[in-house]
Amino acid sequence: MHALVIDDSRAMRRIVGGILKDLGYTVTDAAHGREALDVLEATTAEGGALPDLACIDWNMPVMDGLQLVGAIRANPAWRAVTMMMVTTESEHGQIVRALAAGAHEYMIKPFTPDAFADKLSLLGLLPQAEPA
Amino acid sequence: MSLDVSVLVGAEQVLDIAGDVWSSLAGPEEVLVPLPASPAHLPLDALSAWVLVLGPWSGAVVVTTGASTALELTRALLRAADDEELTAEDVTDALGEVANVVGGNVKSLLTAPSVLGLPQVGHGMEAPTGEVVVQLDLSWRGQPLCLSLRSTAPTGVRGPRTPPTDPEGQP
């Protein structure tokens, strides 16, 4: 399974990417929403496989996470991409906004790797373990 | 409408937040130790990272530590090997993210909607000044670190002052 991690912090991209790789994902990353759209557009144009999961930070320069969620949701070709906000924005109203915009799940920073895996499990996006 | 943040956010809450942030970002075994009896003696090359909180209370959440500590923290956040070369940009990014996550969680304690700015990093003196609401002097891996909440507007201010008038409306 493949994930796209979008966060303006390289440290967070590495932390989230590391958790995803430990769970069996391959990972691509982007530093903001516009860069993420460039990745998705290029993948679509090349006929490549879109990410199964997009982990999206909220507060980013150029294009923030909420705008990105709306842009992904608006494109029918990208409907299969599951979007999870990964953010410090924890107020109820913000969570409602994100889910209304099209996000499928919400992860509040800080989080443990186990809590992250639990969210993916809820989404049915925990890669199956290789048979022995 | 203004907000008296000191009623909503205290030192213990900020310490709890910081502890969770450290164990999540730097590693589950990492701890922050309060220095109750003495201030954190920060070196002259101290770096600060901060995020602004804008709303009924406006202020800054500031993380300050020595340059070498910031580098060590960066190595921990990036899970970088001891021999991996890290850049000033890496340090700026990592310290900024720490301030971002601490600041975001502090913001969540406020009862009124607020906006969190993007993290900024500079030398210690460049951080926003203002009335200190909370200051935590801490030790991480034996090195000093300071976390503070600072109001960038006077707390409890309800609006522009108007001169008192007498009962007949004369100033």
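Residues numbered from 1 in each chain as written. Chains lettered and ligands numbered in written order. Predicted model: local features only at pLDDT ≥ 70, side-chain atom pairs only at ≥ 80, totals over all residues. Heavy atoms only, no water.

1. Focus: the interface of chain A and chain B
- On the chain B side, the residues contacting the 18 residues of chain A number 21 residues.
- With both chains or domains summed, chain A and chain B bury close to 1600 Å², and 51% of this area falls on carbon and sulfur atoms.
- When the buried area of chain A at its contact with chain B is split by residue, Arg 14, Thr 88 and Pro 110 of chain A rank highest and sum to 30% of it.
- Where chain A meets chain B, there are five salt bridges.
- Residue Arg 14 of chain A is joined to Glu 84 of chain B by a salt bridge in which the shortest nitrogen-to-oxygen separation is 3.2 Å. (Contact = heavy atoms within 4.5 Å. Buried area = accessible area lost by both parts, 1.4 Å probe. Salt bridge = Lys/Arg side-chain N within 4 Å of Asp/Glu carboxyl O.)

2. What to know about the nonpolar core
- Counting residues in hydrophobic clusters, the biggest one holds 59 residues, and the most contacted among them are Val 16, Leu 20, Leu 53 and Phe 116 of chain A.
- A total of eight residues in this core trace back to one element, the largest contributor, which is helix H4 (residues 88–107) of chain B.
- What Phe 116 of chain A contacts, discounting residues up to four positions off in sequence, is Val 16, Ile 19, Leu 20, Cys 55, Met 84, Val 86, Met 107 and Phe 111 of chain A.
- Of all hydrophobic cores here, the second largest spans 23 residues; its members include Leu 4, Ile 56, Met 85 and Ala 101 of chain A. (Core = buried A, V, L, I, M, F, W, Y, C linked by side-chain atoms within 4.5 Å. Buried < 20%, exposed > 50% of the residue type's maximum accessible area, 1.4 Å probe, protein only. Helix = DSSP H or I, 4+ residues; strand = E, 2+ residues; numbered from the N terminus.)

3. Examining the sheet that holds strand E1 (residues 2–6) of chain A
All names here are of chain A.
- In spatial order, the strands read E2-E1-E3-E4-E5; together these five strands make up an open sheet with parallel pairing. Where the open sheet ends on each side, the last strands, each with one partner, are strand E2 (26–30) and strand E5 (105–108). Neighbour-to-neighbour, the strand axes of this sheet turn through a mean angle of 20 degrees, independent of strand direction.
- Sheet analysis places E1 next to strand E3 (residues 53–56), joined by four bridges and oriented parallel. Note that in E3 the partner of Ala 3 across the bridge is Leu 53.
- Its contacts with the sheet put helix H3 (residues 65–74) on E1, E3 and strand E4 (82–87), and the angle it makes with E4 is roughly 180 degrees.
- Packing against the sheet, helix H4 (residues 92–101) makes contact with E4 and E5, and its axis sits at approximately 145 degrees to E5. (Pairing = 2+ DSSP bridges. Axes fitted to C-alpha atoms, helices over the stretch in contact; angles between N-to-C directions.)

4. What about the environment of Leu 23 of chain A?
Residue and element names in this part refer to chain A.
- Examined against the element boundaries, Leu 23 turns out to sit in the loop between helix H1 (10–22) and E2.
- Overall, the relative accessible area of 24% leaves Leu 23 in the partly exposed class.
- Residues Leu 23 and Ala 103, spaced 80 residues apart in sequence, show a C-alpha to C-alpha distance of 21 Å.
- Leu 23 has contacts with Ala 117, Leu 120, Leu 126 and Pro 127, leaving out every residue within four places of it along the chain.

5. Concerning the pattern of salt bridges
- A complete count under the given rule lists 13 salt bridges over all chains for this structure.
- Across the pair Asp 38 of chain A and Arg 34 of chain A runs a salt bridge whose closest N-O atoms are separated by 3.0 Å. Pair noted here: Asp 38 of chain A and Arg 34 of chain A are both in helix H2 (residues 33–46), with a separation of four residues, about one helical turn.
- As a salt-bridge pair, Lys 107 of chain B and Glu 91 of chain A come within 3.0 Å of each other at their nearest N and O atoms. Placement of the pair is Lys 107 of chain B in helix H4 and Glu 91 of chain A in the loop between E4 and H4, with the two residues belonging to separate chains. In terms of burial, Lys 107 of chain B and Glu 91 of chain A fall into one category: buried.
- Beyond isolated ion pairs, a larger network of salt bridges with shared partners links Asp 7, Asp 57 and Lys 109 of chain A together with Glu 97 of chain B.

6. Quick word on H4 of chain B
- Between its terminal C-alpha atoms H4 of chain B stretches 28 Å, which fits the 28 Å expected from 20 residues at 1.5 Å a residue.
- When you tally the buried positions in H4 of chain B, you get 17 out of 20 residues, the bulk of the element. (Expected span 1.5 Å × (residues − 1).)

7. Quick word on the packing of aromatic side chains
All names here are of chain A.
- As enumerated under the stated definition, the model contains one aromatic pair over all chains in all.
- Between Phe 111 and Phe 116, the ring centres sit 5.4 Å apart and the planes meet at 35 degrees, which makes this aromatic pair tilted.
- Owing to a relative accessible area of 6%, Phe 111 belongs among the buried residues under this scheme.
- Exposure remark for Phe 116: the relative accessible area of 0% places this residue in the buried category. (Phe/Tyr/Trp six-rings, centres within 6.5 Å; stacked < 30°, edge-to-face > 60°.)

8. Observations regarding the confidence of the model for chain B
- Overall, the predicted model of chain B reaches an average pLDDT of 85, with 86% of residues at or above 70.
- Model confidence for the complex: the whole-complex pTM is 0.84, and ipTM, which rates the interface, is 0.81. (pLDDT = per-residue confidence, 0-100.)

9. Regarding unusual backbone geometry
- In the segment running from Lys 109 of chain A into Pro 110 of chain A, the intervening peptide bond is cis, with an omega of 0 degrees.
- Mapped onto the elements, Pro 110 of chain A comes out in the loop between E5 and helix H5 (113–123).
- Of note in this structure, Arg 79 of chain B is not a glycine but carries a positive phi near 55 degrees.
- Looking at where Arg 79 of chain B falls in the secondary structure, it is placed in the loop between helix H3 (67–77) and H4.
- You can call Arg 79 of chain B partly exposed: its relative accessible area is 47%.

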